[in-house]
Amino acid sequence: MKSVEQCKQGLRAVVRFRRRSVFMMAGVVIGVATLSVLNSIGENTRRDTVKRVKNMLGTFDTVMVRPGGKTRGMVSLSNVDPSLRFEDAAAIAREIAGVKQVARLQNAFDVDVTYRDQQISPAVFGVSDNWLALRGDEVEQGSFISAEDDRKMVRVAVIGSDVCKNLFPQESPIGKTIRIGGVPFEVKGVLASRGAGPAGASLDNIVIIPVSTASRRLFNRDFLTMIIAQVKDPGDSTRVAAAISQLLRERHQLAAGMLDDFNITDPKAVLAQLTKVNSTLTMTLRGVAFLAMFGGGVVIMALMTLGVSERRREIGLRRSVGANRGDILFQFLFEAFIVASLGGFFGAAASWGGVEAVAAYQKLPAVFDQESLFASIALAAVIGVVFGSYPAWKASRVDPVAALRS
Amino acid sequence: MILAEGISKTHRRNDGAPVHALRNVSISISAGEFVAIRGASGSGKSSLLNILGCLDRPTVGSYRLAGEDVSSYSDRSLARIRNKKIGFVFQTFQLLPRTTAVENVEIPMVYSGGRVDRRRALQALERVGLGARARHFAAELSGGEQQRVAIARALINDPALILADEPTGNLDFAASTEIMRIFKELHTDGRTIVMVTHDESIAAHAGRQIVLSDGAVIQDAAICAEAQQQ
Ligand SMILES: Nc1ncnc2c1ncn2[C@@H]1O[C@H](COP(=O)(O)OP(=O)(O)OP(=O)(O)O)[C@@H](O)[C@H]1O
Ligand SMILES: [Mg+2]
């Protein structure tokens, strides 16, 4: 009961000294707003990176094999060694345990694609029929390339949403004939939009055809630009990557000591790398936010300490009518707590707007969950108590006799 | 009611030099007495009152209040005694200026362990004739009114002992007369009152006078007589 009544006294003091309370709050508001906005930037960036990498790697359970000794960004027929054969893909599917399926890719960039008088230069991907499932893509209209299309080297194409927009702004593309490098293909389907890849370029400016058709009827190349092996168990990807490496070395008759003529990307390694970059970013942002919160705490401590010397007579009076040291300590701590919590609340409300603005700028959905809202209010309350404890202790040590004489 | 024996109080000045505010003071006051304490400025009146009010501790000596030896009491226990048994009235009123009269009167109830009872606070204000001013800020009241609010506050927990340190020191004649009328009424109710004052005519209201000089009791005959009665 005493503490309830004391809390009321604390609340009244907060109102009575409202100007000081507002200044104390302002420090915390700035701290919390900084924290929330930076947190949201960090979280947005993390989600964005993961999304882009997912766009590149598909579903994170795929081991990528590319020709040549080093990774060089996006592969295409014009920049790879002819070391990865169709038979290598078949051998991986046949011989490596733990591989669910293997997709083949033969791709080129800047191929002229025309429809009537429209001409564009999208990426052209010759892929096996399992590409879609493996990448987690979706077909919006029509259907994807089938196993039969691939086997029979049919001239059919599935187009990305950008290509669809550019070549078929009005009409439905399904069943229409487009020319890829002069060769006619029938449009069979349209992919759902996928947004940007890791480099920021659109992944929707693409035309997909059967890989056998690409190899024999369009590009006349008998090597692949990428093999993608999907593992049954994502936890197993490192072992599968090693087994593939060993198999390919045997097949390519590389003697011990010779460098690989291919390179393999283990999704686990990529994720680990990304997480590292991200945690550095997050830590930096957290550090800045922490400093802002610390600043808010110092403001509380400074203003409250001043307040204690101004309120010495009040403290002396309260002691003379029955407050003990603990009561005084409690009241001042409570005042710090309530002011900081209110600051946390207003800070959370203010940062709502800030977070929306940042999200709009980053062109990403705002990250502002209830959890982080409550967390920042709770953190503000803790800051209040921690930084309020020194002035509250000072208040409890005021000598009532001396205070009443003044 | 009050039995102080051999009390000395030594303050330390900032430069560390000792100031003997009280020297070997022994006082006994029975329940229901109205005592005035007089003496020159700096003679130790306030120091004595603060010790009697359990707000300060003697450097040497023992103090029994209502049969309890409070010399060795903890901060908490002393606070409880101040809350329940003692009502202070100060020369400078010591009200919270930006707080209403009734809320000032309620403050001692905050530390009593129960609910703050607004009705009781209003009754206390009515008793000192300030029922109509209950919602005014303390700073808006005249000196006499402020002191009456302070008296209502001192009475709110119904203490047996009222300690007043120059209660009329800041008031004009009319206001002083009103305050003394209230004090006499409280005395008639059976409360023990110890009042510090400079003013002989004010002291004349009391039934007994103790005069201090340089920290010692110089008018002590009556005191000895009282002590022997106990
Ligand atoms: N906290 C303190 N530190 C140092 N000296 C003090 C302190 N309190 C009181 N004194 C000294 O003790 C002596 C007695 O002081 P006290 O306040 O009891 O006198 P008083 O009789 O109430 O005087 P007044 O009539 O002016 O109020 C004075 O000399 C005063 O300067
Ligand atoms: Mg004095």
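It should be emphasised that the depicted structure is a prediction, and the values quoted were computed from it without experimental measurement.

A.B. asks: How should the packing of aromatic side chains be read in this particular structure?
C.D. replies: Each pair of aromatic rings is reported with the distance of its centres and the angle of its planes. All names here are of chain A. Summed over the entire model, instances satisfying the criterion amount to 8 aromatic pairs over all chains. Centre to centre, the rings of F290 and F294 are 6.5 Å apart; their planes meet at 35°, and the pair counts as tilted. On the criterion of helical spacing, the pair formed by F290 and F294 is a turn pair, its members being 4 residues apart in helix 9 (residues 267-310). Among the residues examined, F290 registers a relative accessible area of 56% and is labelled exposed. Taking 6.4 Å as the distance between ring centres and 15° as the angle between the ring planes, the aromatic pair formed by F330 and F334 counts as stacked. Of this pair, F330 and F334 both sit in helix 11 (residues 325-362), 4 residues apart, which is roughly one turn of the helix. For the cation-ring pair, R20 lies above F17, with the distance from its terminal atom to the ring centre recorded as 4.9 Å.

A.B. asks: Just to check I follow, could you spell out the sheet that holds strand 1 (residues 2-12) of chain B for this structure?
C.D. replies: Residues and elements named next belong to chain B. Pairing in this open sheet of 4 strands is antiparallel, and the strands run 2-1-4-5 from one edge to the other. The sheet is open, and its two borders are formed by strand 2 (18-29) and strand 5 (68-69), each paired with just one other strand. Alignment of strand 4 (residues 60-65) against strand 5, held across 2 bridges, turns out to be antiparallel. Residue pairing for strand 5: R64 is matched across the bridge by D69. Its contacts with the sheet place helix 1 (residues 45-52) against strand 1, strand 2 and strand 4, and it is angled at close to 55° to strand 2.

A.B. asks: Any chance you could explain empty space enclosed by the protein here in plain terms?
C.D. replies: A probe matching the size of a water molecule, rolled over the atoms, marks out where space remains unfilled. Residues and elements named next belong to chain A. This model, assessed by the stated rule, comprises 3 cavities of 30 Å³ or more. As a volume, the largest cavity reaches approximately 110 Å³. Looking at the largest cavity, it is lined by 14 residues, and the ones nearest its centre are R20, M24, M304, R311 and E335. At 4 residues, helix 11 tops the list of elements feeding residues into the lining of the largest cavity. Across the lining of the largest cavity, the residue classes break down as 9 nonpolar, 2 polar and 3 charged.

A.B. asks: Explain the site of ligand 1 here, please?
C.D. replies: Around ligand 1 sit 15 residues in total, of which S41, G42, K45, S46 and S47 of chain B are the nearest. Within the contact set of ligand 1, a nitrogen atom lies 3.1 Å away from a side-chain nitrogen or oxygen of R405 of chain A. With respect to ligand 1, the backbone of G42 of chain B contributes an N or O atom lying 2.8 Å from an oxygen atom. The protein chains hide 72% of the 630 Å² of surface that ligand 1 would expose on its own.

A.B. asks: I'm lost on the sheet that holds strand 3 (residues 34-39) of chain B in this one. Help?
C.D. replies: Backbone hydrogen bonds are what pair the strands of a sheet, in a parallel or an antiparallel way. Residues and elements named next belong to chain B. One open sheet holds the 6 strands; their spatial order is 6-7-8-3-9-10, and the pairing between them is mixed. With one partner strand each, in any of the chains shown, strand 6 (86-90) and strand 10 (216-217) form the two edges of the open sheet. In terms of strand pairing, strand 9 (residues 208-213) meets strand 10 through 2 bridges, oriented antiparallel. Bridging across to strand 10, S213 finds its partner in A216. Each of strand 6 and strand 7 (161-165) touches helix 2 (residues 75-85); the most contacted strand, strand 6, lies at about 80° to it. Set on the sheet, helix 5 (residues 143-155) makes contact with strand 6 and strand 7; between it and strand 6 the angle comes to about 165°.

A.B. asks: For this particular structure, what's the right way to read the layout of surface pockets?
C.D. replies: Taken as a whole, the largest pocket spans an internal volume of roughly 1000 Å³. Taken together, 43 residues form the lining of the largest pocket, with V401, A402 and R405 of chain A together with S46 and N50 of chain B sitting closest to its centre. Elements represented by at least two residues in the lining of the largest pocket include exactly helix 10 (312-320) and helix 13 (400-405) of chain A together with strand 1, strand 2, helix 1, helix 2 and strand 6 of chain B. Classifying every residue of the lining of the largest pocket gives 13 nonpolar, 14 polar and 16 charged.

A.B. asks: What is the right way to read the interface of chain A and chain B from this model?
C.D. replies: Much of the literature gives interface size as the accessible area that the parts lose upon coming together. Taken residue by residue, the interface counts 27 residues in chain A and 27 residues in chain B. If you look at where chain A meets chain B, you find 4 salt bridges. Linking chain A with chain B are 11 residue pairs in polar contact (both at pLDDT 80 or more), by the criterion used here. Counting residues per element, the ones that place at least two in the side of chain A that touches chain B are helix 1 (2-16), helix 10, helix 11 and helix 13 of chain A. At 8 residues, helix 1 of chain A tops the list of elements feeding residues into the side of chain A that touches chain B. Among the residues forming the side of chain A that touches chain B, the class breakdown is 9 nonpolar, 6 polar and 12 charged.

A.B. asks: Explain the pattern of salt bridges to me, please; I cannot follow it from the model alone.
C.D. replies: Pairs can form between side chains of opposite charge whenever their charged atoms are close. Throughout the structure, instances matching the rule amount to 35 salt bridges over all chains. Among the salt bridges present, the one from R12 of chain A reaches E103 of chain B, with a minimum N-O distance of 3.6 Å. Placement of the pair is R12 of chain A in helix 1 and E103 of chain B in helix 3 (residues 101-110), with the two residues belonging to separate chains. Given a relative accessible area of 29%, R12 of chain A falls into the partly exposed group. The partner of R13 of chain B in a salt bridge is D15 of chain B, and the shortest N-O contact between them spans 3.3 Å. Of the residues examined, R13 of chain B reaches a relative accessible area of 48% and is grouped as partly exposed. Relative accessible area serves as the criterion here: at 58%, D15 of chain B is assigned to the exposed category.

A.B. asks: Would you mind showing me how to read the domain arrangement of chain A here?
C.D. replies: As assigned here, chain A comprises domain 1 (2-53 + 273-405) and domain 2 (62-232). Relative to domain 2 of chain A, the C-alpha centre of domain 1 of chain A lies at a distance of 55 Å.

A.B. asks: Would you explain the packing of helix 5 of chain B against helix 6 (residues 173-188) of chain B in this entry?
C.D. replies: Two packed helices can be described by the angle between their axes and the distance between those axes. All names here are of chain B. The geometry of helix 5 relative to helix 6 is characterised by a closest axis approach of 9 Å and an angle of 15° between their N-to-C directions. Of the possible angle classes, the one that applies to helix 5 and helix 6 is roughly parallel. Handedness of the helix 5/helix 6 crossing: right-handed. When helix 5 is examined against helix 6, the residues G144, Q147, R148, I151 and L155 are found in contact with a partner set consisting of A175, E178, I179, I182, F183 and L186. Counted by class, the contact of helix 5 with helix 6 contains 7 nonpolar, 2 polar and 2 charged residues.

A.B. asks: Even after reading the chapter, I still don't get the nonpolar core, so can you show me in this structure?
C.D. replies: Within soluble globular proteins, side chains that are nonpolar tend to cluster in buried spots. In this structure, I2, Y63, L65 and V194 of chain B are the most contacted members of the largest nonpolar core, which totals 65 residues. The element that contributes the greatest number of residues to this core is helix 11 of chain A, accounting for 7 residues. When sequence neighbours within four positions are dropped, the list of residues in contact with I2 of chain B reads I27, S28, I29, L52, Y63, R64, L65, L161 and V194 of chain B. Residues M64, V75, I178 and F219 of chain A belong to the second largest nonpolar core, which totals 45 residues.

A.B. asks: Help me out: how do you make sense of the packing of helix 3 of chain B against helix 5 of chain B in this one?
C.D. replies: All names here are of chain B. Running from amino to carboxyl end, helix 3 crosses helix 5 at an angle of 30°, the nearest separation of the two axes being 7 Å. Our classification of the angle between helix 3 and helix 5 gives roughly parallel. Viewed along their axes, helix 3 and helix 5 form a crossing whose handedness is right-handed. Contact with helix 3, carried on its side by A101, N104, V105 and P108, involves V149, A152 and R153 of helix 5 and no other residues of that element.

The rules behind the values
- Residues numbered from 1 in each chain as written.
- Chains lettered and ligands numbered in written order.
- Predicted model: local features only at pLDDT ≥ 70, side-chain atom pairs only at ≥ 80, totals over all residues.
- Heavy atoms only, no water.
- Phe/Tyr/Trp six-rings, centres within 6.5 Å; stacked < 30°, edge-to-face > 60°.
- Helix = DSSP H or I, 4+ residues; strand = E, 2+ residues; numbered from the N terminus.
- Buried < 20%, exposed > 50% of the residue type's maximum accessible area, 1.4 Å probe, protein only.
- Lys NZ or Arg CZ within 6 Å of the ring centre and 35° of its normal.
- Pairing = 2+ DSSP bridges.
- Contact = heavy atoms within 4.5 Å.
- Axes fitted to C-alpha atoms, helices over the stretch in contact; angles between N-to-C directions.
- 1 Å grid on protein atoms, 1.4 Å probe; cavity = no way out; pocket = protein on both sides within 12 Å on 5 of 7 lines; lining within 4 Å.
- Points joined across faces, edges and corners; volume = space filled by probe spheres on them.
- Nonpolar A, V, L, I, M, F, W, Y, C, P; charged D, E, K, R; others polar.
- Near = heavy atom within 4 Å.
- Polar contact = N/O pair within 3.5 Å; in protein donor to acceptor, adjacent residues only side chain to side chain.
- Areas by Shrake-Rupley, 256 points an atom, 1.4 Å probe, with all protein chains shown as cover.
- Salt bridge = Lys/Arg side-chain N within 4 Å of Asp/Glu carboxyl O.
- Domains from an automatic or database assignment.
- Parallel < 35°, antiparallel > 145°, perpendicular 65-115°, else oblique.
- Left-handed = near helix turned anticlockwise from the far one by under 90°.
- Core = buried A, V, L, I, M, F, W, Y, C linked by side-chain atoms within 4.5 Å.

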